Structures are given as C-alpha cells and as structure tokens.
Amino acid sequence: MKFELLRIRFAFSPTVLTMIAVGLLPILGEISVGRAEKNEGVVEESPLYVFRFIEVAPENVANWRQAVKDKQLKFNTGKDSAQWGTWRILTGPRANQFARGFRTTRELYTNPIHPVQGIAASWEVPEANHWLEHIAPLQESSGNQQVWRPIEGLFSQGIAEPGQSRFSQHRRWRMKPGMYQRLEANYKKLISAFDHLKQPVDFSIARLEDGGDFMIYAETLAYNDTADMPSVGRVRQAFIELHGQGEWEKYLQEHNAVMQENAIVETETWMYEPDLSNLAAMP
C-alpha cells in the first residue's frame, strides 16, 4: 500500500446507463478532489487523480473504518495537510470494496508537497507508516494503483453546492487505437447537452493514464439524489434541442464507430465517505 487513493468525479445515472446500453456504451469515472493549497494554478491546469482499490473482509469493516477515521484525525485535519477521499463501492465487480485517492498534477506527482502523495512515496513517512502498521493488517488486499487524467473541456458542472457529491456512477470502456480525437470531439456534443439540461448533476470524461489499458476511457455522473438524474429521454431531448434533428442518431453511430467491438463495459456506483475523507470543495 504505497499510496492512499484519490477522489474522482465521473458517473452515470441508471437512466443514462440504460441509454448507454442501447448504443452509447459509455465509461467509468468520478473525479473531484479538493485542490492543493499550494501551486493552486498548476493543479487546475493539469490535474491527475490517483486511486487505489482496497478489499476488506466483512468482519473487519467496522474496525477498518474506525482505523481510517483515527488516521484522518491524526494526520489530515490541518489546513495544509494531505487531502484524501474515500468511497464505498456499492455495485459492480468491486462491490463492497473501498476506493481511496487524491488529486495531484504531473508536476506535483514527481515533486509532491506531501511526500506520501508522490509517485515514489516511502513507508518511512510517518503518515504512510501509520497506515502500514494500523490499517493495512485489517485489509485483505490493496489492489493496483490507477492514475486517471480528466479530458480538458469534457466536464459539465450542474451541482451548485460546494463539497463532494454523495454518489457517483462510473462507466468505463475501451476505444479503438488512434480514435481519441474523434472520441473527444464527439463527447463535446454530449457535454454541451448536459449543460443545456441544467440538472443538479456533474458529468465528466477521463482517460486511464497509468495502471491499466491506455485505451480505457471513463464517464462519470456525480449526484446527491437519484431524483436529480436525468432520464435517457430527457438527455436525448436536450441533445436534439441543442444540435438539431437527426444529430442524436449521428452521435450514437460515431460513438459505436470509435468503440472496440465486444469490449467489456463496466459500471460502478460509489458512495462518498465523509468521515474517512478530508477533501476540500472543488473550486
């Protein structure tokens, strides 16, 4: 367990997921981590989200939660302390596991403000050593670390309240090699449709930068109440209102054209754990 995990903010609502199942076939991801207190401008220019997935046996969950809470109180309550996010994974192949992570940049990942959040973090750092001694023994496993890069311009913000969303749905899938420009150009149309909806949800797109298949993209829909999630029909209507008749069908065709045939499409819903986190509000 060299790193604690990061906070993502991408997700899809069940209705949007249905829309995806019939031809859209989107992705994963929710990324929203608090900004660093220093080098703030750099963080906003090129953010990265670092996550690790943690498996805890059912009989150890209560003790693990308390141990993480105690660690947060000891190391992560100060204004300049490292910021961490923790989520309980509710659905999907990793259901009942935890995701933990942080937000950084290419620059800060190599030269971190907090050594525990660097690419070469050491167990000798007191915060990391505390995790190793008091929390790691309660875990079944701490899986492969992943680094996600949000795609510039592919973020729709509809949640007005500051802070982290309660839930996020992530859908991840694989594109064909060499199709990233077409894929991202096509997604801009969907992002603008979400802006047009003016619903209290955030929608974003990211790409797996490290820790897995580089062809994987992820969609994330973040929300606080399932009643706020737009239906497939409402998304389609907003898309047509904005782009015109026949454009929705063209969007779906292009999405299918850049997606790998027969690739596995995975969906997960995460729940934010505020007692086990200290992420600042997004700017």
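Right, let's walk through the structure included here. None of these values were measured; they are calculated from a predicted model.

1. A word on the overall build of the chain
Okay, so step 1: Scanning the chain from N- to C-terminus turns up eight helices and nine strands.
Okay, so step 2: A total of 283 residues make up the chain; the buried ones form 52% of that total.
Okay, so step 3: Residue pairs in contact within the chain that sit at least 24 positions apart in sequence constitute 83% of those at least 6 positions apart.
Okay, so step 4: Total accessible area on the chain is roughly 12200 Å²; 50% of this is exposed by carbon and sulfur atoms.

2. Concerning the nonpolar core
Okay, so step 1: Tyr 187, Leu 190, Phe 194, Ile 205 and Trp 248 are the most contacted members of the largest nonpolar core, which has 30 residues in total.
Okay, so step 2: Where this core is concerned, the elements lending two or more residues are strand E5 (146-157), strand E6 (167-174), helix H6 (180-197), strand E7 (202-210), strand E8 (216-223), helix H7 (232-243) and helix H8 (247-258).
Okay, so step 3: Broken down by element, this core gets its largest block of residues, seven residues, from H6.
Okay, so step 4: Among the nonpolar cores identified, the runner-up in size contains 14 residues, and Phe 53, Trp 148, Leu 208 and Trp 270 belong to it.

3. Notes on the packing of H6 against H8
Okay, so step 1: One can describe the packing of H6 onto H8 by two numbers: an axis separation of 10 Å at closest approach and a directional angle of 150°. Relative to H8, H6 is oriented roughly antiparallel. For the element pair H6 and H8, the recorded crossing hand is left-handed. Residues Arg 182, Leu 183, Asn 186, Tyr 187, Lys 189 and Leu 190 of H6 form the contact with H8, whose own contacting residues are Glu 247, Trp 248, Tyr 251, Glu 254, His 255, Ala 257 and Val 258.
Okay, so step 2: Partitioned by chemical class, the residues of the contact of H6 with H8 number seven nonpolar, two polar and four charged.

4. What about the pattern of salt bridges?
Okay, so step 1: Counted according to the given criterion, the structure contains 12 salt bridges.
Okay, so step 2: One salt bridge connects Glu 268 with Arg 94, and the closest N-O pair in it is separated by 2.8 Å. Here the residue Glu 268 occupies a position in strand E9 (residues 266-272), and Arg 94 occupies one in the loop between strand E2 (85-89) and strand E3 (98-105), the gap between them amounting to 174 residues.
Okay, so step 3: The exposure class assigned to Arg 94 is buried, which follows from its relative accessible area of 15%.
Okay, so step 4: Between Arg 106 and Glu 209 there is a salt bridge; the shortest N-O distance is 2.5 Å. Of the two residues, Arg 106 sits in helix H4 (residues 106-110) while Glu 209 sits in strand E7, which places them 103 residues apart along the sequence.
Okay, so step 5: Classification of Glu 209 by relative accessible area gives partly exposed; the value is 23%.

5. Thoughts on the packing of aromatic side chains
Okay, so step 1: Summed over all chains, the structure comprises 14 aromatic pairs.
Okay, so step 2: For the pair Trp 64 and Phe 98, a centre-to-centre distance of 4.4 Å together with 35° between the ring planes defines the contact as tilted. In this pair, Trp 64 is assigned in helix H3 (residues 61-75) and Phe 98 in strand E3, connecting sequence segments 34 residues apart. The pair formed by Trp 64 and Phe 98 is uniform in burial state, with each residue classed as buried.
Okay, so step 3: With centroids separated by 4.3 Å and ring planes inclined at 15°, the aromatic side chains of Phe 194 and Phe 203 adopt a geometry described as stacked.
Okay, so step 4: Arg 94 extends its terminal NZ or CZ atom over the ring of Phe 53, reaching a point 3.6 Å from the ring centre.

Parameters at a glance
- Residues numbered from 1 in each chain as written.
- Predicted model: local features only at pLDDT ≥ 70, side-chain atom pairs only at ≥ 80, totals over all residues.
- Heavy atoms only, no water.
- Helix = DSSP H or I, 4+ residues; strand = E, 2+ residues; numbered from the N terminus.
- Buried < 20%, exposed > 50% of the residue type's maximum accessible area, 1.4 Å probe, protein only.
- Contact = heavy atoms within 4.5 Å.
- Areas by Shrake-Rupley, 256 points an atom, 1.4 Å probe, with all protein chains shown as cover.
- Core = buried A, V, L, I, M, F, W, Y, C linked by side-chain atoms within 4.5 Å.
- Axes fitted to C-alpha atoms, helices over the stretch in contact; angles between N-to-C directions.
- Parallel < 35°, antiparallel > 145°, perpendicular 65-115°, else oblique.
- Left-handed = near helix turned anticlockwise from the far one by under 90°.
- Nonpolar A, V, L, I, M, F, W, Y, C, P; charged D, E, K, R; others polar.
- Salt bridge = Lys/Arg side-chain N within 4 Å of Asp/Glu carboxyl O.
- Phe/Tyr/Trp six-rings, centres within 6.5 Å; stacked < 30°, edge-to-face > 60°.
- Lys NZ or Arg CZ within 6 Å of the ring centre and 35° of its normal.

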